[in-house]
Amino acid sequence: MFWFNSKARGARVGVPERVVSVNGSSPLSLLEEDPFSSESSKILFDGMDELRRCGASVDLDLPQLVIVGQQSAGKSSLLRSLTDIPFPVGDGLCTRFATRIISRRSAPDTADEVKISIEPGDSELREMGEPFNPHVPSITAEVFKSIFEQAGEHMGIASKDGPLKKRKNFSSDVLRIELLGPNRSHFGILDVPGIFHTITNTVTKEDMRRVDAMVTSHMKKPENVIICVAPATDNLANQQIFEMAKEHAESSRVVGVFTKCDMAPHPKSIVRIVRDNKEIALHNGWFVVQNLPEHSTLDQEAEEKATFRQDPWIEIPAKQRGTAELKKFLANTLSSRIRKAFPEVQKRLKGLLADEHQKLKDLGEERPTSDRRRQYLLKILGRYQELARDSLTAPERLPSDAMKLRGMTRKAMQDFADRMELSGHLHDFINIDLVNDDVNIETAPLYKEIRNQTDVNRGEELAGMTNPAVMKPLFAKQTSKWESFGQAYLEGVIEMSSKVSLRILDHVSEEMTIPEHTKRELKNAILEFEVSSRHVATRRIHEYCHKNKTSMMVTTNNLFGQKVKQAQTDRFMKAVTRYRAINPPENFLPALMDGDNPKLAAKFRDVALGWVIVDMPSMAKLFEEIHPRATRNTEDEIHDLLKAYYEIALEAFKGHVISEIVEEFLKDPKGPVLGLSDEYVLSLDEEQIDILGSEDETVIATRNKATADVKRLEEAMKIAGNTWKKSMLVER
């Protein structure tokens, strides 16, 4: 946006004062009623311009005047009249980028000054190349044309003779022309490229779209005052700019200007539109101006007065006729909007600054050194360790049930124990109580295996003797499923542990906004810990089972003897029960039970029913039940010894796998659950620390942008605060 200055000095009544223009030729009429004549208004004007120069327009909607129209609508000529800058008329280059003119009054007796620069477009703040600030002692038509050409080249706009396919026809950058002088008024206006009717050799469809988008974006900003320019020489229905303004800008922000009124073929139509304000009704109404030829030395104000005092122009109210009245209206509008907008600007800046500070806080501290990166990793893994330990010891403190590893492993442990009890043996052991009832010893798989092992391991022992050599292979056979069962239990716990560990890391990553590459590397570390710990735990299960099968069978557990004795007792009682079933007591005492004394006989019968009576003739029968044959006794003895030893060994195996292998796996400081620790970070070399603890490129870019935004917004806050404070002090 450009600020513009024009103030009347002492002059004869009714005769407008003129000063020599910047280019030293055509005179410039000054505003007789300058809205920026008060010191307070000047301060606010300068403050708003400072805000724009510091880049605040990227974040804020700052009040400005924006002149828009179609190509050849007379915008350049109007700008020449408003700014005393010799805008080229009919030269396409001036329409390739926006131009902001700032006019400002300087101290009395100071020389006129011109400052030229390029601002990044409002849509983006980016690093500019070499600064564009050519020395301009004065602005003549030739100098101004040269400035435009140099600015276009600096913005990357190819010359008209350059290759079309490489040509950049338009730029969002803004050429800034700042005019300072003791006879200028504070004023500013932004000229944007004119919109096109059709595609040409030098204007593509994409160019048309970009220009329309640029114009539309300025129309949409609620603080912009849109000056819609239409040539009086053309049908108003052909002026697309008014349709765009109607769609994208409130009527209260739009003002219409008819240019080239001295050449209007139907002046009465123009007068009717301006006077009645109905055909295209605008809240701020319409103005009519006259365009002088490019190299004319005529007085603009005098020529306009001469034209607009004639019929039918005289029907238009005087305050809507001529460039001077338009300039006065625009200056008043700009001054009013700046004063009204300033408090909201300060409020908005405060909110934006708070947002950027929060963004930097969310990004965490910058980590430019290895030490800072190491501290960052220690902080991450400190939080991870807290949750990982809670997953084993204090699940009630965890934020998610999916992290409660101890409960999962307890269920897995019970499932393992139950499975070992039910299916851990290769062959079922015999239930002595069911022998000869539901169990046939001759076909029982375990007894078959006992007989097989007895045969294949036969030594020098006599028939009927128990061969100790059969115990070890039988035990190895019965425990052959232990390793696979133990490994399955271990694998289940490993899977649970890894999933929980990764869930915890995901939670910490979200909680602490960990960079994706750091999260990815830490996940890889967990998986590496898993592989290493799995290998160790698997080897330990294998070694235990191998040793269990191959080592000497020995136990000091008193339960072994008790179990064997209990089995022998059960077998003896089962044999006696079988004998009694064949030889009931009543077979031995018929005389007593059927004697002359019925009462005594009944009582005796009741007592005798619990007896087992053996007389000498039946002794052999009892012995046969107890010892059916020598090999059977040997098989029973082997079975009972094997069962007793197996049960004791089973408890030892379950306890070892649960406590010494799985639990050690869970608590392994280099396992998947607890492996991510301070020790892990301290074990990394500097290169690994730099890779793991560095920030993502996107984070670095976001931080740099946020830091730059904070710097810009803090500067803007300072400017806004000082400006408002100075303005208030002046008004007291």
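Before reading further, recall that the structure is shown in the block above.
Notes on the structure follow. Keep in mind that what you see is a predicted model, and the values were worked out from it rather than measured.

Definitions and cut-offs
- Just so you know, the residues in each chain are numbered from 1, in the order the chain's sequence is written.
- With pLDDT at 70 or above as the cut-off, local features in this predicted model cover only qualifying residues; side-chain atom pairs require 80 or more to be listed or tallied, and sums for whole chains, interfaces and linings still use all residues.
- Water and hydrogen atoms play no part in the side-chain values, which are based on all heavy atoms of the structure.
- Axis angles are defined between N-to-C directions and span 0 to 180 degrees, where every axis is a line fitted to C-alpha atoms and, for a helix, only to the segment in contact.
- Numbered from the N terminus, helices here are DSSP runs of H or I no shorter than four residues, and strands are runs of E no shorter than two.
- Note that the term roughly parallel is reserved for angles under 35 degrees, roughly antiparallel for angles over 145, roughly perpendicular for angles of 65 to 115, and oblique for everything else.
- Each crossing gets its handedness from the near helix: less than a right angle anticlockwise from the far helix is left-handed, clockwise is right-handed.
- We call two residues in contact when some of their heavy atoms are within 4.5 Å.
- Gly is placed with the polar residues, together with every amino acid not listed as nonpolar (Ala, Val, Leu, Ile, Met, Phe, Trp, Tyr, Cys and Pro) or charged (Asp, Glu, Lys and Arg).
- Between the rings of Phe, Tyr and Trp (Trp by its six-membered ring), a pair exists once the centres lie within 6.5 Å; its type follows the angle of the planes, with under 30 degrees stacked, over 60 edge-to-face, and the other angles tilted.
- Only protein chains enter the accessibility calculation, which uses a 1.4 Å probe. A residue is then buried if its area is under 20% of the maximum for its type, exposed if over 50%, and partly exposed in between.
- Here, a charge over a ring means that NZ of Lys or CZ of Arg falls within 6 Å of the ring centre while also lying within 35 degrees of the ring normal.
- Strands are treated as partners if at least two bridges between them are detected by DSSP.
- Throughout, the arc means the angular range of directions from the helix axis out to the C-beta atoms.
- A pair is scored as a salt bridge if a Lys or Arg side-chain nitrogen falls within 4 Å of a carboxyl oxygen belonging to Asp or Glu.
- Pairs of N or O atoms are called polar contacts if they sit within 3.5 Å, as long as, within protein, a hydrogen donor faces a hydrogen acceptor (for residues adjacent in sequence, only side-chain-to-side-chain pairs).

**What about the packing of helix α15 (residues 558-582) against helix α18 (residues 619-626)?**
1) Next: Contact geometry of α15 with α18 gives a least axis separation of 8 Å together with a crossing angle of 140 degrees. What the angle tells us is that α15 and α18 run oblique. When you trace α15 past α18, the crossing you get is right-handed. Of the residues in α18, those in contact with Phe-572, Ala-575, Val-576, Arg-578, Tyr-579 and Ile-582 of α15 are Lys-621, Leu-622, Glu-625 and Ile-626.
2) Next: The residue makeup of the contact of α15 with α18, split by class, is seven nonpolar, no polar and three charged.

**Some remarks on the packing of aromatic side chains**
1) Next: This model, assessed by the stated rule, comprises 17 aromatic pairs.
2) Next: A ring pair is formed by Phe-144 and Phe-148, whose centres lie 4.5 Å apart and whose planes are at 65 degrees; its orientation type is edge-to-face. Remark: Phe-148 and Phe-144 occur in helix α3 (residues 141-154); sequence separation between them is four residues, near one turn of the helix. Each member of the pair, Phe-144 as well as Phe-148, is classed as buried.
3) Next: Three or more aromatic residues joined by ring pairs form one cluster here, namely Phe-416, Phe-429, Phe-475, Trp-482, Tyr-489, Tyr-544, Phe-560, Tyr-645, Tyr-646 and Phe-653.
4) Next: In this structure, Arg-367 is placed above the aromatic ring of Tyr-376, and the distance from its NZ or CZ to the ring centre is 3.5 Å.

**Let's talk about the sheet that holds strand β10 (residues 286-288)**
1) Next: Read from one edge of the open sheet, eight strands run β5-β6-β4-β7-β3-β8-β9-β10, paired in mixed fashion. Each having just a single partner strand, β5 (113-119) and β10 make up the two edges of the open sheet. Taken pair by pair, the neighbouring strands of this sheet meet at an average axis angle of 20 degrees, ignoring direction.
2) Next: Pairing analysis gives eight bridges linking strand β4 (residues 98-105) to strand β6 (residues 174-181), with the strands arranged parallel. Residue Arg-105 lies in a different strand from β6, and its bridge partner there is Gly-181.
3) Next: In the packing of helix α8 (residues 323-363) onto the sheet, the strands contacted are β3 (64-69), β7 (187-191), β8 (224-231), β9 (254-259) and β10, and the crossing angle to β7 comes to about 100 degrees.

**Here's the deal with helix α6 (residues 267-276)**
1) Next: Listed in full, the buried residues belonging to α6 are Ile-270, Val-271, Ile-273 and Val-274. Buried positions in α6, seen along its axis, are confined to an arc of 165 degrees and lie on one side of it.
2) Next: At the C-terminal side of α6, Asn-277 shows a positive phi close to 55 degrees.

**Some words on the pattern of salt bridges**
1) Next: A full pass over the atoms with the stated rule returns 40 salt bridges.
2) Next: When the shortest N-O distance is used, the salt bridge between Glu-301 and Lys-305 registers 3.7 Å. One end of the pair, Glu-301, and the other, Lys-305, are both in helix α7 (residues 300-308), four residues apart, so they sit about a helical turn from each other.
3) Next: The partner of Glu-663 in a salt bridge is Lys-667, with the nearest N and O atoms 3.4 Å apart.
4) Next: For Glu-663, a relative accessible area of 18% translates into the label buried.
5) Next: Assessed through its relative accessible area of 48%, Lys-667 is described here as partly exposed.
6) Next: Each of Asp-49, Arg-100, Glu-119, Arg-176 and Glu-178 takes part in a single network of salt bridges with overlapping partners.

**Quick notes on helix α21 (residues 686-693)**
1) Next: Every buried residue of α21 is accounted for by Ile-689, Leu-692 and Gly-693. Within α21, the buried residues cover an arc of 80 degrees as seen down the axis, which keeps them to one side.
2) Next: Elements that come into contact with the buried residues of α21 comprise α9 (370-393), α14 (516-550) and α20 (678-682).
3) Next: The N-terminus of α21 is capped by Asp-685, whose side-chain oxygen sits 3.2 Å from the backbone nitrogen of Glu-687.

These figures capture arrangement, not role.
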